[in-house]
Amino acid sequence: MSLENRAKATAKNVEGKIQESVGDLTGDTKDQLEGKSKQAEAKVRHAAEDVKDNVKKAID
């Protein structure tokens, strides 16, 4: 498990939530969509780290 990669994914998720919220408040659909996209990217990054962890456990 790479703690650094997980931290980056969490930061990307938070950034996306903030951007989506700003888009909601301002009515800017571009910000809303970009925020959701960043959250989806963070979810994929977390999933990739989960796979790495499972592979490492299987090898050990």
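Quick caveat: nothing in here was measured; it's all calculated off a predicted structure.

**Looking at the pattern of salt bridges**
Where charged atoms of side chains with opposite charge meet at close range, the side chains can pair.
Okay, so step 1: With the rule as written, the count across this model stands at seven salt bridges.
Okay, so step 2: In this structure, the salt-bridge partner of Glu15 is Lys38, at a minimum N-O distance of 2.7 Å. A residue pair is termed long-range when its members are at least 10 positions apart, and Glu15 in helix α1 (residues 3-26) and Lys38 in helix α2 (residues 29-59) qualify at 23 residues.
Okay, so step 3: Through salt bridges that share partners, Arg6, Asp50 and Asp53 make up one connected network.

**As for a nonpolar patch on the surface**
Okay, so step 1: Where nonpolar side chains cluster on the molecular surface, the patch consists of Val14, Ile18 and Val22 and spans about 240 Å² of accessible area.
Okay, so step 2: When you line up the elements, Ile18 lands in helix α1.

**Quick word on the environment of Lys52**
Okay, so step 1: Its location among the elements puts Lys52 in helix α2.
Okay, so step 2: By relative accessible area, Lys52 is classed as partly exposed at 47%.
Okay, so step 3: Engagement of the side chain of Lys52 in a polar contact is seen with the side chain of Glu49, the distance being 3.1 Å.

**Regarding α1**
Okay, so step 1: A rise of 1.5 Å per residue sets the reference length of α1, with its 24 residues, at 34 Å; its end C-alpha atoms lie 34 Å apart and thus fit the reference within 8%.
Okay, so step 2: Along its buried surface, α1 packs onto α2.

Scoring rules and cut-offs
- Residues numbered from 1 in each chain as written.
- Predicted model: local features only at pLDDT ≥ 70, side-chain atom pairs only at ≥ 80, totals over all residues.
- Heavy atoms only, no water.
- Salt bridge = Lys/Arg side-chain N within 4 Å of Asp/Glu carboxyl O.
- Helix = DSSP H or I, 4+ residues; strand = E, 2+ residues; numbered from the N terminus.
- Patch = residues over 30% accessible without salt bridge, like charges linked within 9 Å, V, L, I, M, F, W, Y side chains within 5 Å.
- Areas by Shrake-Rupley, 256 points an atom, 1.4 Å probe, with all protein chains shown as cover.
- Buried < 20%, exposed > 50% of the residue type's maximum accessible area, 1.4 Å probe, protein only.
- Polar contact = N/O pair within 3.5 Å; in protein donor to acceptor, adjacent residues only side chain to side chain.
- Expected span 1.5 Å × (residues − 1).
- Contact = heavy atoms within 4.5 Å.

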